[in-house]
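Structural overview
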Amino acid sequence: MKIEGVSSNKQSAKSEVEKPKNVIQKTEIHSADNRNSVIGDRRTSENYARFKLNNTLEANFRPLSADRAEAAAERTRQTASKPKTFTTPEGVPAAEAYFTTPGTEVPELTAEQIKDNDGPMAQAMFYRALDQHKDDAEWLHRFYQTLGTDKTAELIQDTVSSLPPAGERERDLLGSSLQTLNRGGYLTEGDMDALLGKVAVTDGSIHKGAAMFLTEAISNVSNDSAGLSLKNMFAESTANLATGNLPLNVDGENQNEAKDFLAAMATHTIASTPDYNQAAKLNGLRYSLGESGLQELFSRAMKLDQWLLPPDGQARENFDNVGTLLKTLSTHSFALPNTRVAVFNAVTRNLTGDAAEKYNGDANFKDGLADIFMKDFNSILKSSYGDGKYTNGIDFLKGQGLENFFRSVVFSSEPSSKANDVVQFLGSKMREISTAIENNDQNYLKLLSKDGNTPLSRNEAANVMGHLFGLAGAAFKDYADSLPNEAAKRTAWFGFVVNVVSGTAGNAPANPAVGGLLGAITDEIGGRIHDNMTQQELENLSREFAEKLGIDNPEEFIKRLVSEIRDSFAEGNEFAQTFGTVSGIPLN
């Protein structure tokens, strides 16, 4: 920008703070060795970006150890993230070095005038400057650089705290100014770290209002190349602060609260991007943060209380938008299997108490988990095994996530729309595993092993199968106990047996898995089915049972099931005899 009336010496001084305007704006995607590798620039169409991403295969994301991931992130941060805007360099002239003709506004002078004011006057001048120069990247760069990160953060915090508080106009002006800076090449990851740290943290604690305002300002910008890159930078900074990869200047007792809030800011921002970028960004975070870091990010985001409560009659929305990300991971081809499994485990292992209540009505959350469970069943099952060899089967703490999944997503007062699909799917898997055990199918038993090469023994596979059923059964018991009357409980339990337990039937009586599973259910099913069961109900249930079993030898299974109930419950003998008669299957 030409400023008339400035001497050559002043022009020379001015040039010290000017930055090149022809910097190509990059859109980042994380790779194994450089988290800032690029898929395109601001001149590249979104379709081309999609094409490039679509050709990124799992082989290109070679797993990194935690040390290598950390070292790669640190190298990138040191070499490619040096601040340009939100750190004032040496040699910036004082405001008095500038003068202007009427109608011309010098960014340095405007910034100094704002620094000399506080409160509403400073805020009004700040947003007026952003509005008048919203498309001038060089002007905004010099303005923000002179204003300084501390004053910028103070203005944002004061805007949120003022009366009336900030609205959409201020939010959009702030976001637009950062997007313009990025488009002009004046914004780096280091700038974002500096700005975020100053805005979000004050007096040793998290400034929730300002942090949320900045998050919304960035999340609401358009998803062009500059906007998408801005969101990715912000998500990267918040994720690094939330997981301890960057220093967080917050008092010890406030650390967890601050990190939880920052994690939700990261997931919220990622969810505001197109679905292909959501999947690619989460893949990248799995490598830059490590798998444990990605899981910590989701675990923390889930702890944030519900936000953005809309008027009565509308659905509640969770600020973290974890549900949106789960839905994307479950459906988009860019999502890598290891990323899906890591996020599934992180989410389900924390799906208890307030968190379970928080997502109870979130359809995207529940449908996303259901689809991931069915898509990555073997990997999820193996990730729940105990350490060492396979003799211990499913580890209790690791397996708790599966029980939480069944309780919240499948057997729930507000189940996923895919709940019935999951139950049918689980029954088919039970049948597959049971058949493999009976036939000692080494290839299938290899698929169930941790390394995929050493097949489980028949006893080990039966142990894993029994644990899996136990987790589903425990979740179902809580659901059935909550039903209003005995008739509803009977029907529910019978349906559970039909759809899940029946998957284990049809093989030889010596199958250890079948015997163990039948024994596991008799304590619950006996008292629920035989009480006050009419002849017509028995006929209907028997017909449904026979139709849905889909196994080679349903008569044998029903006979054994009824025998278990008869032998375990004194009152069950009459029911068992009647059921056998109606079914046409003699018990002797």
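Residues numbered from 1 in each chain as written. Predicted model: local features only at pLDDT ≥ 70, side-chain atom pairs only at ≥ 80, totals over all residues. Heavy atoms only, no water.

This brings us to the overall build of the protein chain. Summing up its helical and strand segments, the protein chain has 28 helices and 4 strands in all. Within the protein chain, buried positions represent 54% of all 588 residues. Working note: accessible area of the protein chain is about 24800 Å², and carbon and sulfur atoms make up 47% of it. (Helix = DSSP H or I, 4+ residues; strand = E, 2+ residues; numbered from the N terminus. Buried < 20%, exposed > 50% of the residue type's maximum accessible area, 1.4 Å probe, protein only. Areas by Shrake-Rupley, 256 points an atom, 1.4 Å probe, with all protein chains shown as cover.)

With 13 residues, helix α7 (residues 149-161) extends 18 Å from end C-alpha to end C-alpha; this agrees with the ideal 18 Å at 1.5 Å per step. Turning to α7, its buried residues number three or more, namely Thr149, Lys151, Thr152, Ala153, Leu155, Ile156, Gln157 and Thr159. (Expected span 1.5 Å × (residues − 1).)

Look at helix α10 (residues 208-219) against helix α12 (residues 255-271): their axes get within 10 Å of each other, and the N-to-C directions meet at 15°. The pairing of α10 with α12 is recorded here as roughly parallel in orientation. Handedness of the crossing formed by α10 with α12: right-handed. Together, Lys208, Ala211, Met212, Thr215, Glu216, Ile218 and Ser219 of α10 and Glu257, Phe261, Met265, His268 and Thr269 of α12 make up the contact between the two elements. Per-class residue counts for the contact of α10 with α12 are 5 nonpolar, 4 polar and 3 charged. (Axes fitted to C-alpha atoms, helices over the stretch in contact; angles between N-to-C directions. Parallel < 35°, antiparallel > 145°, perpendicular 65-115°, else oblique. Left-handed = near helix turned anticlockwise from the far one by under 90°. Contact = heavy atoms within 4.5 Å. Nonpolar A, V, L, I, M, F, W, Y, C, P; charged D, E, K, R; others polar.)

Turning our attention to the nonpolar core. Grouped together as the largest cluster of nonpolar side chains are 129 residues, with contacts concentrated most on Phe143, Phe373 and Phe406. Beyond its immediate sequence surroundings of up to four residues, Phe143 is in contact with Pro107, Thr110, Ala111, Ile114, Phe126, Ala129 and Leu130. (Core = buried A, V, L, I, M, F, W, Y, C linked by side-chain atoms within 4.5 Å.)

Glancing now at the pattern of salt bridges. Here the idea is simple: oppositely charged side chains can pair when their charged atoms come close. Within the structure shown, the criterion is met by 20 salt bridges. Among the ionic pairs, Glu236 bridges to Lys281, the shortest N-O distance being 2.9 Å. Of this pair, Glu236 sits in helix α11 (residues 225-242) while Lys281 sits in helix α13 (residues 275-288), and the two are 45 residues apart along the sequence. Exposure class is identical for Glu236 and Lys281. Each is buried. (Salt bridge = Lys/Arg side-chain N within 4 Å of Asp/Glu carboxyl O.)

Before going further, it helps to spend a moment on a negative patch on the surface. Judged by side-chain charge, Asp305, Asp354, Glu357 and Glu414 come together as a negatively charged surface patch. Note that Asp354 resides in helix α17 (residues 353-358). (Patch = residues over 30% accessible without salt bridge, like charges linked within 9 Å, V, L, I, M, F, W, Y side chains within 5 Å. Lys, Arg positive; Asp, Glu negative; His and termini not counted. Charge placed at Lys NZ, Arg CZ, Asp CG, Glu CD.)

Let us look at unusual backbone geometry. A positive phi is found at Asn321, a non-glycine position, where the angle reads about 55°. A relative accessible area of 15% places Asn321 in the buried class. One non-glycine residue, Asn440, lies in positive phi territory at about 50°. By secondary structure assignment, the location of Asn440 is in the loop between α21 (419-439) and α22 (442-447). With a relative accessible area of 36%, Asn440 lands in the partly exposed category.

Moving on: α10. In this model, α10 (12 residues) spans 16 Å end to end at C-alpha, consistent with the 16 Å of a helix rising 1.5 Å per residue. Burial analysis of α10 places 10 of its 12 residues in the buried class, the great majority of the element. If you follow the buried residues of α10, they end up packed against α5 (119-132), α7, α8 (168-183), α9 (189-200), α11 and α12.

The next thing to look at is the environment of Glu438. Residue placement: Glu438 occurs in helix α21. By relative accessible area, which is 23% here, Glu438 ends up partly exposed. Counting along the chain gives 20 residues from Glu438 to Arg458, while the straight-line C-alpha distance between them is 7.9 Å.

With that settled, consider the packing of α8 against α10. Closest axis-to-axis distance for the α8/α10 pair is 8 Å, and the angle between their directions is 65°. Taken as a pair, α8 and α10 cross one another with a handedness that is right-handed. Residues Glu170, Arg171, Leu174, Gly175 and Leu178 of α8 lie in contact with α10, whose contacting residues are Phe213, Leu214, Glu216, Ala217 and Ile218. Within the contact of α8 with α10, the residues separate by chemical class into 6 nonpolar, 1 polar and 3 charged.

What follows concerns the side chain of Thr110. With respect to the helices and strands, the residue Thr110 is situated in helix α4 (residues 107-115). Overall, Thr110 belongs to the buried group, its relative accessible area being 5%. Aside from chain neighbours lying at most four places away, what touches Thr110 is Glu105, Ala129, Trp139 and Phe143.

Looking at the element boundaries, Thr339 is found in helix α16 (residues 337-348). Looking at Thr339, its side chain comes within polar contact range of the side chain of Asn283, at 2.8 Å. Here Thr339 is in contact with Leu282, Asn283, Arg286, Leu294 and Leu329, once residues within four sequence places are set aside. (Polar contact = N/O pair within 3.5 Å; in protein donor to acceptor, adjacent residues only side chain to side chain.)

A word on the environment of Glu168. Within the secondary structure layout, Glu168 lies in helix α8. Expressed as a C-alpha distance, the spacing of Glu168 and Phe213, which sit 45 residues apart in the sequence, is 9.7 Å.

This part covers the environment of Ala472. Mapped onto the elements of the fold, Ala472 is located in helix α23 (residues 458-481). Judged by its relative accessible area of 0%, Ala472 is buried. For the pair Ala472 and Val423, spaced 49 residues apart in the sequence, the C-alpha separation amounts to 9.5 Å. Excluding residues within four positions of it along the chain, Ala472 makes contact with Phe406, Phe411, Leu426 and Phe496.

Averaged over all residues, the pLDDT of the protein chain is 74; the fraction at 70 or higher stands at 63%. Taken together, the stretch residues 504-532 has pLDDT below 50 and engages in 69 contacts with residues farther than four places along the chain or on a different chain. (pLDDT = per-residue confidence, 0-100.)

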